[in-house]
Amino acid sequence: MVRMSTVPLSARPGTIDSPAMRQAGRDLLSLALMDARNHTLHLISQYEQALGAEGFRVPLRAELNPPLWELGHIGWFQERWIGRNLQRHQGPRCDPQATQLASLLPYADRWWDSSRVPHDSRWQLALPSLGELKDYLLATLESTLDLLAKTPDEDDALYFYRLALFHEDMHGEAFIYMAQTLGLPLALTLPAPSPAREPLWVPAARWRLGLDAGNGFTFDNERPAHEVAVPEFEIDAQPVSWMQYVEFVADGGYDRPEFWQPAGWDWLQEKARGEGRRAPRHVEQIGVARSEGRGGGQGAVLQTLFGQTQRRAGDQPAMHLSWWEADAWCRWAGRRLPTEVEWELAAHSAARLGFRWGMVWEWTASSFFGYPGFAADPYRDYSEPWFGTHKVLRGASFATRARLKSPKYRNYYLPGRDDIFCGFRSCTL
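First, a word on scope: everything that follows refers to the structure included in this document. Since we're looking at a predicted model, the values are computed, not measured. (Residues numbered from 1 in each chain as written. Predicted model: local features only at pLDDT ≥ 70, side-chain atom pairs only at ≥ 80, totals over all residues. Heavy atoms only, no water.)

1. What about the overall build of the protein chain?
Our working rule: Secondary structure is summarised from DSSP: a helix means a run of H or I of at least four residues, a strand means a run of E of at least two, and numbering begins at the N terminus for each. Accessible area is worked out with a 1.4 Å probe on protein chains only. A residue is then buried under 20% of its type maximum, exposed over 50%, and partly exposed in between. Residue contacts are counted whenever heavy atoms from the two residues lie within 4.5 Å of one another. Here the Shrake-Rupley method, with its probe set to 1.4 Å, supplies the accessible areas, and only the displayed protein chains count as covering residues.
Counting secondary structure elements, the protein chain contains 9 helices and 13 strands. Each principal axis of the C-alpha atoms in the protein chain carries an extent, and together these give about 60 × 55 × 40 Å. When burial is assessed residue by residue, the protein chain has 56% of its 429 residues classed as buried. Look at the contacts in the protein chain between residues 6 or more apart in sequence, and 76% of them connect residues 24 or more apart. Taken as a whole, the protein chain presents about 18100 Å² of accessible surface, with 51% of it coming from carbon and sulfur.

2. Side note on unusual backbone geometry
With an omega dihedral of -15 degrees, the bond running from Arg223 to Pro224 counts as a cis peptide bond. Looking at the secondary structure, you find Pro224 in the loop between strand S2 (205–209) and strand S3 (226–230). A positive phi angle, close to 60 degrees, is found at Phe56, a residue other than glycine. In this structure Phe56 comes out as buried when scored by relative accessible area, which is 9%.

3. Concerning empty space enclosed by the protein
Quick note on the threshold: The rule is simple: put a 1 Å grid over the protein atoms alone, call a set of points where a 1.4 Å probe fits but cannot get out a cavity, call an open set with protein on both sides within 12 Å along at least five of seven lines a pocket, and count a residue as lining if it has an atom within 4 Å of a point. Grid points are joined across faces, edges and corners, and a volume is the space filled by probe spheres set on the points.
Tallied over the entire structure, the rule returns 3 cavities of 30 Å³ or more. Looking at the largest cavity, its volume works out to about 50 Å³. What lines the largest cavity is simply Tyr159, Leu163, Phe217, Phe219, Asp220, Asp377, Tyr379 and Tyr382.

4. Here's the deal with the nonpolar core
Here is the rule: Buried residues of nine kinds, namely Ala, Val, Leu, Ile, Met, Phe, Trp, Tyr and Cys, make up a nonpolar core once their side-chain atoms join them within 4.5 Å.
Ranked by size, the top nonpolar core spans 103 residues in total, and within it Tyr47, Tyr245, Phe248, Trp260 and Phe424 carry the most contacts. Looking at this core element by element, the count peaks at 14 residues for helix H5 (residues 155–182). Those residues in contact with Tyr47 that lie beyond four places of it in its chain are Gly52, Phe56, Pro67, Phe175, Met178, Ala179 and Leu184. By size, the runner-up hydrophobic cluster in this structure holds 17 residues, among which are Val230, Ala237, Leu345 and Cys427.

5. A few points about the sheet that holds strand S5 (residues 283–286)
To summarise the sheet geometry, strands pair through backbone hydrogen bonds and adopt either a parallel or an antiparallel arrangement. Here is the rule we go by: Two strands are said to pair when DSSP picks up at least two bridges between them. Orientation is described by lines fitted to C-alpha atoms, with helices fitted over the stretch in contact, and by angles between N-to-C directions that extend from 0 to 180 degrees.
The sheet built from 3 strands is open, its strands ordered S5-S6-S7 with antiparallel pairing. The open sheet has two edge strands, S5 and strand S7 (308–312), and neither has a second partner. On average, each strand axis in the sheet is tilted by 25 degrees relative to the strand beside it, whichever way the strands run. Relative to S5, helix H6 (residues 242–250) is tilted by about 75 degrees, and along the sheet it contacts S5, strand S6 (301–305) and S7.

6. Re the state of the cysteines
Worth spelling out the cut-off: The disulfide criterion used throughout: a pair of cysteine sulfur atoms within 2.5 Å.
According to the stated counting rule, one finds 0 disulfides in the structure shown. In this model Cys422 remains outside any disulfide bridge; the closest cysteine sulfur is found in Cys330, 14 Å from its own.

7. Observations concerning the layout of surface pockets
Rule in force here: In this classification, Asp, Glu, Lys and Arg are treated as charged, Ala, Val, Leu, Ile, Met, Phe, Trp, Tyr, Cys and Pro as nonpolar, and every other residue, Gly included, as polar.
Its boundaries defined by the atoms lining it, the largest pocket holds a volume of some 1300 Å³. Forming the boundary of the largest pocket are 42 residues, of which Asn65, Tyr177, Trp386, Tyr413 and Arg417 lie nearest the centre. Those elements giving two or more residues to the lining of the largest pocket turn out to be helix H2 (67–83), H5, helix H7 (262–275) and strand S11 (411–413). Grouping the amino acids of the lining of the largest pocket by side-chain chemistry returns 21 nonpolar, 10 polar and 11 charged.

8. Concerning H6
Filter applied, for reference: Along the arc lie the directions from the helix axis toward the C-beta atoms.
Within the span of H6, buried status applies to Trp242, Tyr245, Val246, Phe248 and Val249. Take H6 and look down its axis: the buried residues cluster within an arc of 155 degrees, on one side only. Turning to H6, the residues buried within the fold contact S5, S6, S7, helix H8 (323–333) and strand S12 (422–424). Looking one or two residues beyond H6, the residue adopting positive phi is Gly252, at roughly 80 degrees.

9. Overview of the pairing of S7
Pairing of S6 with S7, which is carried by 5 bridges, proceeds in the antiparallel orientation. By the bridge assignment, Val301 is partnered in S7 with Arg312.

10. Some details on the packing of aromatic side chains
Condition: Stacked, edge-to-face and tilted are the three classes for Phe, Tyr and Trp ring pairs, Trp counted by its six-membered ring, which pair at centre distances within 6.5 Å; planes under 30 degrees apart are stacked, over 60 edge-to-face, the rest tilted. Only when the NZ of Lys or the CZ of Arg is both within 6 Å of the ring centre and within 35 degrees of the ring normal is a charge said to sit over the ring.
This structure, assessed with the given rule, holds 37 aromatic pairs. Over the face of the ring belonging to Trp81 we find Arg80, whose NZ or CZ atom lies 3.7 Å from the ring centre. The ring of Phe355 carries Arg425 above its face, with NZ or CZ at 3.9 Å from the centroid.

11. A word on the packing of H2 against helix H4 (residues 130–149)
Two packed helices can be described by the angle between their axes and the distance between those axes. Keep this limit in mind: Under this scheme an angle from 65 to 115 degrees is roughly perpendicular, one under 35 degrees roughly parallel, and one over 145 degrees roughly antiparallel; angles in between are oblique. By definition, any crossing whose near helix is turned counterclockwise from its far helix by less than a right angle is left-handed, and any crossing with a clockwise turn is right-handed.
Here H2 crosses H4 at 25 degrees, and the two axes come no closer than 9 Å. As far as their axial angle goes, H4 and H2 are roughly parallel. In this structure, H2 crosses over H4, and the sense of that crossing is left-handed. Contact with H2, carried on its side by Leu68, Leu71, Gly72, Gly75, Trp76, Gln78, Glu79, Ile82 and Gly83, involves Leu130, Leu133, Tyr136, Leu137, Thr140, Leu141, Ser143, Thr144 and Leu147 of H4 and no other residues of that element.

12. Some words on H7
Under the convention used in this document: What a helix is expected to span follows from its residue count: subtract one and scale by 1.5 Å.
Taking 1.5 Å of rise per residue, 14 residues should cover 20 Å, and H7 covers 20 Å from first to last C-alpha, within 8% of that figure. Of all the positions in H7, only Gly264, Trp267, Leu268, Gln269 and Ala272 are classed as buried. Among the structural elements, H8 are those in contact with the buried residues of H7.

13. Quick look at the pattern of salt bridges
Rules: Whenever a carboxyl oxygen of Asp or Glu lies within 4 Å of a side-chain nitrogen of Lys or Arg, that contact is scored as a salt bridge.
Taken as a whole, this structure holds 31 salt bridges when the rule is applied. Between Glu222 and Arg22 there is a salt bridge whose closest N-O contact spans 2.8 Å. Pair noted here: Glu222 is in the loop between S2 and S3 and Arg22 is in the segment before helix H1 (26–51), with a separation of 200 residues, a long-range link. Of the two residues, Glu222 and Arg22, neither departs from the other in class, the shared state being buried. Across the pair Glu63 and Arg281 runs a salt bridge, and its minimum N-O distance is 2.8 Å. One end of the pair, Glu63, is in the loop between H1 and H2; the other, Arg281, is in the loop between H7 and S5, and 218 residues separate them in sequence. Like Arg281, Glu63 is buried. Bridged by salt links that share partners, the residues Glu63, Lys271, Glu275, Arg277, Arg281 and Asp418 form one connected network.

Right, here's the structure in full:
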């Protein structure tokens, strides 16, 4: 029997919450899967305190899912690709159309198959209760761990176990940014920013972008590795700060279409009509601070975080910015967003010089496409359906599990998304 207790965010074993989990064998992987499930339950317990009396009801919005749907989907995904998948040992070579075993719940596919259940219909589903969902999560995890104990320590055989782990971690972060969108209280604190550094000069190089299969887990959109010629460039050592961003706002940046791409200006006007938007999301007040010295921008921004309005320090990364806002700031500043290969090269080669990342996801100039020679993994809806419409983000946020943090990892969202914990850094033109 697996003990399904909730674990505070500050009490995670470091060995199972590190990027090395991509190469972890079944013993560590078993602990990490239990850790991820405990983390999920810890988060849903906080939702229960905030929304349980209201039946976990949330408004129908494009960026949200019903919390109980999100919870059931986590268990369903693990069961679908492991417990029900007779080809699980084949890993990426598995046929996603092959016959599956039946689910533990007869209507699981009708409820939680995100490929077949339209987003807006999820609010009308007669889902199981929270107690029944916890039983389902327990049963699916026990099945997963039983199967894992009999699995060879080989990359293909462990592929779906690692995928299920990272999938649950992604949905854990989704629970956190959904709580931010809804204004629910969560016991999370933003880490203090590093001291500001001057921009960094990165010499021209030939860089091996992405990863090859083998030596652990890789996502399909990270493969295959390929060499790219990168001209020399200058890049910010850290994401753009509130102190820098308020200058753009004070200079009328939200009222000057010359700084915005046409689609971005249309996005802004829609936000202005619906919300009166003249600042980033969740910002209640923004203005230029007049004090001198380090931290002179402190007090310039009031932003609501998990239901509480707080002062943001001037040297903290500007957060909850869409790609359109990031691009407009760069145009105003006479700079540009880095490409994803520039970001990846700098993260590897300039770390010793002060390149810092990990507080906010960072928009890049790159549109999301597969690398040359891309081949989709069995979970077909992970990457390919979003090619050409989404923008790439690199790095990680304060809410990202450490085992997902890799300079090679590619996140991606529509350019108008600003509900995630996202910011940006800039390069010279």
